[in-house]
Amino acid sequence: MTQTPTDLDRRFMAACIRLSRRHLGQTGTNPSVGTLIVTSGGHGPEIVGRGITAIGGRPHAETVALAEAGERARGATAYVSLEPCAHHGRTPPCAEALVSAGVSRVVAASSDPDPRVSGKGYEILRAAGIEVVPGVLAEDALPVLSSYLIRSAKKRCQVTLKLAVSADGMIGRAAAGQVPITGDVARAQSHVLRAEHDAILVGIGTALADNPELTCRLPGLGHRSPLRIVLDRHARLPVASRLVQSVGDAPLAIATVAPDTETAQVLEGAGVRLLACEEHCGRIALPELLDDLAAQGISSLLVEGGAEVARTFLEEGLADRIVLFESDVVVGANGIAAPFSRATLPGGYVQSGEWLFGADRCFEFTQES
Ligand code: AOF
Ligand code: ZN
């Protein structure tokens, strides 16, 4: 019984991981997992079932894929981006479902740190005589699973810091509202980032200066706007702001130490959620906020500004990932200096990606674990 993946295994696993990405930011406390059921008929391999963890977190990917495959799952290979679960939730364990469906091989990318699963999923499969090939393209599955893995390990949500920096090292211009730094392609890409996160956060300074909406405005993906959060210690966000006015399109919360003030109550009346926070050295205590968000089912947080907020997350060692866009635009006079650049990133980050979006360059850095 071989446990070595074939080239074909790697190809289908790559497809399985790409599929799993589709529900990123939509599955709450559950990771977005992918499953492909593949038969090897006379005409070569055929995908007979595909599944992604459903929006909201259930049913699991395997359940969806096995339902599509039906009887054709018998003798097939199942590709899963995460070890199949071994616990009884609202549905029986996926490992048992794979056994009952009669698959003969399971090829998996990442193992599952959930103590109810960890290793037990593979055990159930092996005990039933199924060949298990774990760890296939595990590195490639990480970007999709990282928020789940970080939340499991650190009990807080994963933080991605996004920054767009001009050629002269600026992120905007004082008292000028939103200044375009990147072009259309990069901006669309940053909306993809929004769609893939559970929540997005800015400081009140940015909220007042830029009057942003922070929704995902890609055609057809408006429903994927994340929970919008403003760090607003004194509940100063105006009801007339775009953020509050668009509360019907996407949820909005303010993280505040003044939830009982009149202004906070007015915001709550307008449909804004109040997140009562602790204060630390005149600032909202971020580690506690991230813990609370994780406890509320938020696994991934995109921090979009401004400079001060980005600097604080970085200084407190709370940025797991940095996405840095660099443009050729020159901001010039009254520019607001970027809190960091590629050259001044603190130690502990390794470059994990590099892209060209239109004329803009994009670099991704991930904290070394
Ligand atoms: C799978 N396939 O698609 C996912 C899995 O609350 P429950 O019952 O949905 O269980 C949540 C756990 O299920 C989660 O912590 C992780 O261990 C696993 N997620 N497992 O077999 C899936 N999303
Ligand atoms: Zn499952």
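If you're wondering where the values come from, they're calculated on a predicted model, not measured in any experiment.

Draft legend 1. Quick peek at a negative patch on the surface. Side chains of E278, E288, D291, D292, E315 and E316 sit close together on the surface and give a patch of like negative charge. In terms of residue count, the dominant contributor to the negative patch is helix α10 (residues 286–295) (3 residues). Mapped onto the secondary structure, E288 falls in helix α10. With relative accessibility at 30%, the residue E288 sits in the partly exposed group.

Draft legend 2. Looking closely at the sheet that holds strand β10 (residues 252–256). With mixed pairing, 9 strands are arranged side by side in an open sheet as β11-β10-β9-β8-β14-β6-β15-β18-β17. Every other strand in the sheet has two partners, leaving β11 (273–276) and β17 (349–357) as the edge strands with one partner each. Across the sheet, the mean angle separating the axes of adjacent strands is 25 degrees when strand polarity is ignored. As judged from the 4 bridges shared by strand β8 (residues 199–203) and strand β14 (residues 300–305), these two strands associate in the parallel manner. In the sheet register, L201 faces β14, and the bridge partner there is V303. In the packing of helix α6 (residues 184–195) onto the sheet, the strands contacted are β6 (158–165), β8, β14, β15 (321–326), β17 and β18 (360–367), and the crossing angle to β15 comes to about 165 degrees.

Draft legend 3. Quick look at the site of ligand 1. Around ligand 1 lies a shell of 18 residues, among which T53, R58, E62, D112 and D114 are the nearest. The contact in question runs from a nitrogen atom of ligand 1 to an N or O atom on the side chain of N30, over 2.9 Å. Between ligand 1 and the protein, one listed contact pairs an oxygen atom with a backbone N or O atom of A61 at 2.8 Å. Protein burial of ligand 1: of its 520 Å² of free accessible surface, 92% is covered by the chains. For the shell around ligand 1, the class distribution of residues is 8 nonpolar, 5 polar and 5 charged.

Draft legend 4. Main features of the domain arrangement of the protein. Segmenting the protein into domains produces domain 1 (7–145) and domain 2 (155–367). Placing a centre on the C-alpha atoms of domain 1 and another on those of domain 2 gives a separation of 34 Å. Facing the 8 residues of domain 1 at the interface are 7 residues of domain 2. On inspection of domain 1 and its partner domain 2, the count reaches 1 salt bridge. A salt bridge links R21 to E196, with the shortest nitrogen-to-oxygen separation between them at 3.1 Å. Inspection of the region where domain 1 meets domain 2 yields 4 residue pairs in polar contact (both at pLDDT 80 or more).

Draft legend 5. A look at the sheet that holds strand β2 (residues 44–52). One open sheet accounts for 5 strands, arranged β2-β1-β3-β4-β5; its pairing is mixed. Every other strand in the sheet has two partners, leaving β2 and β5 (131–133) as the edge strands with one partner each. Averaged over all adjacent pairs, the angle separating strand axes in this sheet is 20 degrees, with direction ignored. As paired elements, strand β1 (residues 34–41) and β2 share 8 bridges and run antiparallel to each other. Within β2, the position partnered with V38 by the bridge is I47. In the packing of helix α1 (residues 7–20) onto the sheet, contacts are made with β1, β2, β3 (77–82) and β4 (105–110), and the angle to β3 comes to roughly 50 degrees. Across the sheet, helix α5 (residues 138–154) is in contact with β3 and β4; its angle to β3 comes to roughly 50 degrees.

Draft legend 6. Spotlight on the coordination of the zinc ion (ligand 2). Around the zinc ion (ligand 2), the donor atoms from the protein are H60 (ND1), C85 (SG) and C94 (SG), and they sit 2.0 to 2.2 Å away. Taken together, the 4 donor atoms surrounding the zinc ion (ligand 2) define angles of 97 to 119 degrees at the centre, an arrangement classified as tetrahedral. The sequence pattern formed by the donor residues of the zinc ion (ligand 2) is H-x24-C-x8-C. Judged by relative accessible area, which is 2%, C94 ranks as buried.

The rules behind each value
Residues numbered from 1 in each chain as written. Chains lettered and ligands numbered in written order. Predicted model: local features only at pLDDT ≥ 70, side-chain atom pairs only at ≥ 80, totals over all residues. Heavy atoms only, no water. Patch = residues over 30% accessible without salt bridge, like charges linked within 9 Å, V, L, I, M, F, W, Y side chains within 5 Å. Areas by Shrake-Rupley, 256 points an atom, 1.4 Å probe, with all protein chains shown as cover. Salt bridge = Lys/Arg side-chain N within 4 Å of Asp/Glu carboxyl O. Lys, Arg positive; Asp, Glu negative; His and termini not counted. Charge placed at Lys NZ, Arg CZ, Asp CG, Glu CD. Helix = DSSP H or I, 4+ residues; strand = E, 2+ residues; numbered from the N terminus. Buried < 20%, exposed > 50% of the residue type's maximum accessible area, 1.4 Å probe, protein only. Pairing = 2+ DSSP bridges. Axes fitted to C-alpha atoms, helices over the stretch in contact; angles between N-to-C directions. Contact = heavy atoms within 4.5 Å. Near = heavy atom within 4 Å. Polar contact = N/O pair within 3.5 Å; in protein donor to acceptor, adjacent residues only side chain to side chain. Nonpolar A, V, L, I, M, F, W, Y, C, P; charged D, E, K, R; others polar. Domains from an automatic or database assignment. Donors = N, O, S within 2.8 Å, 3.2 Å for Na, K, Ca; no water. Tetrahedral: all angles 85-135°; square planar, octahedral: opposite > 155°, others 65-115°.

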